[in-house]
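Structural overview
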Amino acid sequence: MKYLAIDLGDVRTGIAISESGIIATGMETYKRVGMQKDLQYIADIANRYNVDVVVFGLPLNMDGTEGERVEKTRAFADKLQPLIKAKIDYEDERLTSVEAEGFLLESNMRRDKRKQVIDKLAATIILQSYLDRK
């Protein structure tokens with residue numbers, strides 16, 4: 001099975017893939033331009049790679065409740081579903097950005113460079129967590 005992970009943000013979206021179903025690999029950080037173009041861009045990737053599951057990071061509150069960010073993520077996923085053949089699933093993404101930032105700090109990456117890769121790394125962490133749990 002092939003998996004695609006999306007760490008959806010308002011400005012940037014991290015994208016990761018697993019073609020083996022075992023190891024997640026970061027693909028890119030996509031700069032959002034508008035709802036329709038964003039949906040089509042992600043749909044094109046999902047369809048090009050023939051992914052079976054698109055996993056969205058679900059930004060739950062620390063107490064496990066769902067807030068506005070979760071609603072936005074689910075709404076985006078609902079709009080994406082008719083454009084792809086893959087099933088959509090979700091993975092708790094609490095603290096993945098913090099984990100990614102910590103990893104990048106440990107690697108002594110410059111702040112401006114960290115900003116370019118943190119979303120891609122967060123998507124990779126989300127997907128690897130999903131794969132490990134499965």
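Treat the numbers as computed from the prediction; the structure is a model and nothing was measured. (Residues numbered from 1 in each chain as written. Predicted model: local features only at pLDDT ≥ 70, side-chain atom pairs only at ≥ 80, totals over all residues. Heavy atoms only, no water.)

A word on the overall build of the protein chain. Looking only at helices and strands, the protein chain has 4 helices and 5 strands in total. Starting at the N terminus, the α and β elements of the protein chain follow one another as β-β-β-α-β-α-β-α-α. In the protein chain, which comprises 134 residues, the proportion classed as buried is 45%. Contacts spanning at least 24 positions in sequence make up 63% of the contacts within the protein chain whose residues lie at least 6 apart. Carbon together with sulfur atoms contributes 51% to the accessible area of the protein chain, which is approximately 7400 Å² in total. (Helix = DSSP H or I, 4+ residues; strand = E, 2+ residues; numbered from the N terminus. Buried < 20%, exposed > 50% of the residue type's maximum accessible area, 1.4 Å probe, protein only. Contact = heavy atoms within 4.5 Å. Areas by Shrake-Rupley, 256 points an atom, 1.4 Å probe, with all protein chains shown as cover.)

For N50, which is not glycine, the phi dihedral falls at a positive 50°. Within the secondary structure, N50 sits in the loop between α1 (35–48) and β4 (53–58).

The final tally for this structure, using the stated rule, is 4 aromatic pairs. Centre to centre, the rings of F56 and F76 are 6.1 Å apart; their planes meet at 65°, and the pair counts as edge-to-face. Taken as a pair, F56 in strand β4 and F76 in helix α2 (residues 68–80) lie far apart in primary sequence, 20 residues in all. F76 shares its class with F56; the two are buried. When the ring centre of Y90 is taken as origin, the NZ or CZ atom of R74, which lies over that ring, is 4.7 Å away. (Phe/Tyr/Trp six-rings, centres within 6.5 Å; stacked < 30°, edge-to-face > 60°. Lys NZ or Arg CZ within 6 Å of the ring centre and 35° of its normal.)

With 14 residues, α1 ought to run about 20 Å at 1.5 Å a step, and its terminal C-alpha atoms sit 20 Å apart, in line with that. Along α1, the positions that sit buried rather than exposed are D38, L39, I42, A43, I45 and A46. Take α1 and look down its axis: the buried residues cluster within an arc of 160°, on one side only. Seen from the buried face of α1, the exposed residues on the opposite side, beyond 90 degrees, are Q36, K37 and R48. Here the buried face of α1 lies against β1 (3–7), β2 (12–18), β3 (25–31), β4 and α2. Immediately beyond the C-terminal end of α1, within one or two residues, lies N50, with a positive phi of roughly 50°. (Expected span 1.5 Å × (residues − 1). Arc of directions from axis to C-beta.)

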